[in-house]
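Here are the chains, one letter per residue:
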Amino acid sequence: MAIQRNLPKMALAIIAVANVYTGFGHPGYRLKIPNGINVPNPCTNVGGLWNAVGHNVEIGGGTLNPFGKDFVEAGESWTQTLCSMDSDNDGRINGFELGDFNCSWFEGQPPMGDATGHPGICEPMDDPKCIEMNKDVSCR
Ligand SMILES: [Ca+2]
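Quantities reported herein were computed from a predicted structural model and do not represent experimental measurements. (Residues numbered from 1 in each chain as written. Predicted model: local features only at pLDDT ≥ 70, side-chain atom pairs only at ≥ 80, totals over all residues. Heavy atoms only, no water.)

1. Things to note about the state of the cysteines
For the structure on display, the rule yields three disulfides. Each sulfur of the disulfide joining C43 and C139 lies 1.9 Å from the other. Handedness of the C43-C139 disulfide follows from its S-S torsion of about -85°: it is left-handed. Placement of the pair is C43 in the loop between α2 (27–30) and α3 (66–73) and C139 in the segment after α6 (128–133), with a sequence separation of 96 residues. The exposure class of C43 is buried, given its relative accessible area of 4%. Classification of C139 as partly exposed rests on a relative accessible area of 34%. Two residues, C122 and C130, share a disulfide whose sulfurs are 2.0 Å apart. In this structure the cystine formed by C122 and C130 twists about its S-S bond by roughly -55°; its chirality is therefore left-handed. Residues C122 and C130 agree in their burial class; the two are buried. (Disulfide = S-S within 2.5 Å. Helix = DSSP H or I, 4+ residues; strand = E, 2+ residues; numbered from the N terminus. Buried < 20%, exposed > 50% of the residue type's maximum accessible area, 1.4 Å probe, protein only.)

Right, here's the structure in full:
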């Protein structure tokens, strides 16, 4: 009975812990990129947000996607170079996808605009040029 009564609290505690350990493997990473907490999930019929922006799985863990690899390469910070790259090779630079249209954002600032896409997942996902690029992406 005590367990049943405490289930909502336990669920909240689990969600809180899960939030700490997801998203680039660390929530701090999400604040190091513009709109890092508001990246749309590109998977068809899934909707919502993609929390672990640098990972091939929405909840994090596993392999890094091309943006995650470039983020590491950039010293885990948002640089002009990282902003100007098209990590997922879909024709839109990372800055455009994350709403930093002129690559002027820095940590703590509000982004210039909304995220328009995912910087590490080639979109649209069913585009033939994206299928090979996204072979490690999991939409589950
Ligand atoms: Ca792109």
